[in-house]
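If you want the building blocks of each chain, they are given just below.
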Amino acid sequence: MIPRQTDIRFTGIVFILAVLALLFSSQLIVDPPIPLTTDLLAMSPRVFPFLILLGMVLVALIFLLCEARLGAFKTINSMEKDYRTSRNFWRQIVFLIITITCALLLNRLGFITTMFLLMTSTSVLVGNRSLVQILCISILVPVSFYIVVTHVLRTALPEVDVVQRILMPVTQLLPSF
Amino acid sequence: MIETLLAGLDAALRIDTFVWISGGLLLGMLMGSLPGFTTSMGMSILVPISFLVGDPLIGIPFLIGVYKGGIYGGSVPAILISMPGTGASIATVFDGHELTKKGQPRKALEMGLYASVISDLFSDVFTLVMIIPVAAIVLGFGPPEIASVMFLSLVIIAVTSMGPVVKGLLMLCLGIWFGFVGADPFSGMPRYTFGTNELYDGFHLIPMLIGLFALPEIFNAVKEGDISGSSVGRFVGERLRLDELKKSLRTICRSTVIGTGVGLIPGLGQPIAAMMGYIAAKNASKHPETFGKGELDGVAGAEAANNAVNGPTMVPLLTLGIPGDAVTALLLGAFMMQGLRPGPTLLETNGEIVFAILIAMVIANFLFLVLGYISIPLFARVVTIKRSLLIPVTIMLAFSGTYLARSNPFDIVTLIGFGLVGIAARSAKFDVAPMVMGFILGRELEYTFGQTLALAGTDWVRFALTERIGMTAVVLATPIVGVLLGVRMSKFRQRALKGGQA
């Protein structure tokens, strides 16, 4: 029941975005400052995007018309209402908010702290209730991964000074590669 | 070419390559064995690691190991707990789990392993033999021919994707459109960048792939909550006898041919090959009524067909730069990160590396047999691991893998953006594979099409009908192929559904 409604919604959003992109294509695509000859520029930068957006609009329209003929728009979805009030729905929303927040904080808080927050909250949301397991995974895995990547593979990961200083005694003990 | 092949053989015979292949095989089998973890997801988070090791002769074979291991690993939960680890193992459930119910899971798992290794070995040798003539033909291709083959491939990918054709076409167009973001390939003028510098180079492939494949799986796991493995996940029962394997050899050979053929066509992939292999085994059997009730031939037919796809998908990838499915799209990303651009000139410019990778693929099958045999009991236990322990590690790998690919913080934003698109598409039952293919091939298609127009000049009718008749034939045949394949695919899906229920 839910997929049927969501596929119409997804197609509807794609349809609206494609129409908007078509309408505002003059603002969204910059023309070359000087007109180039056909030898240099056989095709304008607008041609292919126009064709693809037109294709998207047509395909989305065909899909929406087929669904409308089947009466999908009229279906009152009580199951969806139930789903919105369910714990699963809110768990997913919380997960999305945490993931987006952690993505934005990665450079500011550093890799280990961000991953600790992200992994702890994901563990709880997935259903792990063992505090020992959650803490072990959320601390040990990012710390060891950070050490392997920065010390063994010699590749930088974003990290704040404080954490780098705390880890320094550990990394100094490790053999250099 | 023979000299390049020998140089490739020399380059492939390195101990570190085999150590990394073994690691890839084990990781792939682990990922495949975990219900809810797909091969695409596993590979997407491991692509950046293949880049970090630096050498393409280590990084690419490592991923090929993950690919092979993952496709086989999916059969473990399919057989033990009736939950296919990957889409490729759906047909394995029908008879594999019935054998488990009869107390013979060991027999089913061993048959799956032998069928997978035999078919994989033959299809890899076929790939190695095929790549030379195909590359020689493709070398004669100019932009018009490449553009027409890409157009044909995109149509095939859209019509053979999961679900209705309209959905596949919509996702394909969406993927192509995402490929337009950034500088125009001819004039260098920005398109859909909204004035930002970050978007001028376009979206990077790796965060896009991780976002589309890994984040929706994690999101789904959050929805479903913790799923611990069943107590059925045990490796018990009789071993597979030699006479039982001999009896199934004909089925394995038939499925190898089917899988190899399917692998050569972009877009079809392992799930379709597995169903075709299973149905062919059932149709050819003297006792079709035993299928679905614990028939070893059913396991052999499905497993041989899905693993035989692995090798031939490399032919269009390496010679034309066209990935056959989502996993080969990830391999394409790995090749590009290593500075290798799959396409007609790859064999000329980096022939030694290409042959080394293909030879490593062939040798990997022997490692696959040994490691698979030793580790079956271990992966039978892996099925019982709680998902809540693995999902947090996966999300960490998704984030770090994205960042490590280019050390660009904007890639994390791309990851989240495509993650949201993937989540929306998955909940709406849209297949993201055509979108990935569209993203990869759309820009190339535009570029080669532009070159074709430049070559044609003003008299394009004469150009199309006299100079490039091959291109015109492919372009004209594309809609016919699309319609025929679309009709056949919908009939095949209905038949497969009936086969599965039987």
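Residues numbered from 1 in each chain as written. Chains lettered and ligands numbered in written order. Predicted model: local features only at pLDDT ≥ 70, side-chain atom pairs only at ≥ 80, totals over all residues.

Trainee: Would you mind going over the overall build of chain A with me for this structure?
Mentor: Summing up its helical and strand segments, chain A has eight helices and zero strands in all. Scanning chain A from its N terminus toward the C terminus, one meets helices and strands in the order α-α-α-α-α-α-α-α. The buried share of chain A, reckoned over its 177 residues, is 24%. In chain A, of all internal contacts separated by at least 6 residues, the share reaching a separation of at least 24 is 61%. (Helix = DSSP H or I, 4+ residues; strand = E, 2+ residues; numbered from the N terminus. Buried ≥ 20, exposed ≤ 12 C-beta atoms within 10 Å, placed from the backbone. Contact = placed C-beta atoms within 7 Å.)

Trainee: What is the right way to look at the interface of chain B and chain A in this model?
Mentor: One frequently used descriptor of interface size is the decrease in accessible area upon assembly of the parts. Tallying the contact residues gives 49 residues for chain B and 56 residues for chain A. Elements supplying a minimum of two residues to the side of chain B that touches chain A: helix H9 (165-180), strand E2 (190-191), helix H10 (205-224), helix H17 (387-406), helix H18 (410-427) and helix H19 (433-456) of chain B. Here the residues of the side of chain B that touches chain A are counted per class, giving 35 nonpolar, seven polar and seven charged. (Nonpolar A, V, L, I, M, F, W, Y, C, P; charged D, E, K, R; others polar.)

Trainee: What's the story with helix H5 (residues 87-109) of chain A in this structure? I'm lost.
Mentor: Because each turn of an α-helix spans 3.6 residues, side chains separated by three or four positions in sequence point in the same direction. All names here are of chain A. Of all the bends in H5, the largest measures some 35° and sits at Ala-103. Taken together, the buried positions of H5 are Phe-95, Thr-99, Cys-102, Ala-103 and Leu-106. Note on H5: the residue one or two positions beyond its end, Gly-110, has a positive phi of about 90°. (Bend = angle between axes of the 7 residues up to and from the residue.)

Trainee: Can you walk me through helix H3 (residues 39-52) of chain B in this structure?
Mentor: Residues and elements named next belong to chain B. The end-to-end C-alpha distance of H3 is 20 Å, a good match for the 20 Å that 14 residues give at a rise of 1.5 Å each. Roughly 35° is the biggest bend found in H3, and it falls at Leu-46, with proline Pro-48 one to four residues downstream. Burial runs high along H3: 13 of the 14 residues are buried. Of the residues flanking the end of H3, it is Gly-54, one or two places downstream, whose phi is positive at about 90°. (Expected span 1.5 Å × (residues − 1).)

Trainee: Before we go on, may I ask you to explain the packing of helix H4 (residues 56-73) of chain B against helix H16 (residues 346-382) of chain B in this structure?
Mentor: Packed helix pairs are characterised by how far apart their axes lie and by the angle those axes make with each other. All names here are of chain B. As a packed pair, H4 and H16 sit with axes 9 Å apart at the nearest point and diverge in direction by 45°. Here H4 is positioned oblique relative to H16, judged by the angle of their axes. For the element pair H4 and H16, the recorded crossing hand is right-handed. Mapping the contact onto sequence places Pro-56, Leu-57, Ile-60, Pro-61, Ile-64, Gly-65, Lys-68, Tyr-72 and Gly-73 in H4 and Ile-353, Ala-356, Ile-357, Ala-360, Met-361, Ala-364, Phe-368, Gly-372 and Phe-379 in H16. Of the residues in the contact of H4 with H16, the class split is 14 nonpolar, three polar and one charged. (Axes fitted to C-alpha atoms, helices over the stretch in contact; angles between N-to-C directions. Parallel < 35°, antiparallel > 145°, perpendicular 65-115°, else oblique. Left-handed = near helix turned anticlockwise from the far one by under 90°.)

Trainee: Before we go on, may I ask you to explain the packing of helix H7 (residues 105-139) of chain B against helix H13 (residues 296-308) of chain B in this structure?
Mentor: All names here are of chain B. Taken N-terminus to C-terminus, the directions of H7 and H13 make an angle of 35°; their axes are 7 Å apart at the nearest point. Relative to H13, H7 is oriented so that their crossing is right-handed. Contacts between H7 and H13 involve Lys-107, Ala-108, Met-111, Gly-112, Ala-115, Ser-116, Ile-118, Ser-119, Asp-120 and Ser-123 on the former and, on the latter, Leu-296, Val-299, Ala-300, Glu-303, Ala-304, Asn-307 and Ala-308. Its residues assigned to classes, the contact of H7 with H13 shows nine nonpolar, five polar and three charged.

Trainee: What is the right way to read unusual backbone geometry from this model?
Mentor: Among all residues except glycine, the phi angle is most often negative; among peptide bonds, the trans geometry is most common. Residue and element names in this part refer to chain B. Not every positive phi belongs to a glycine, and Tyr-192 is a case in point at roughly 50°. With respect to the helices and strands, Tyr-192 occurs in the loop between E2 and H10. Positive phi, close to 55°, is recorded for Phe-194, a residue that is not glycine. The topology assignment puts Phe-194 in the loop between E2 and H10. With 10 C-beta atoms counted inside 10 Å, the residue Phe-194 sits in the exposed group.

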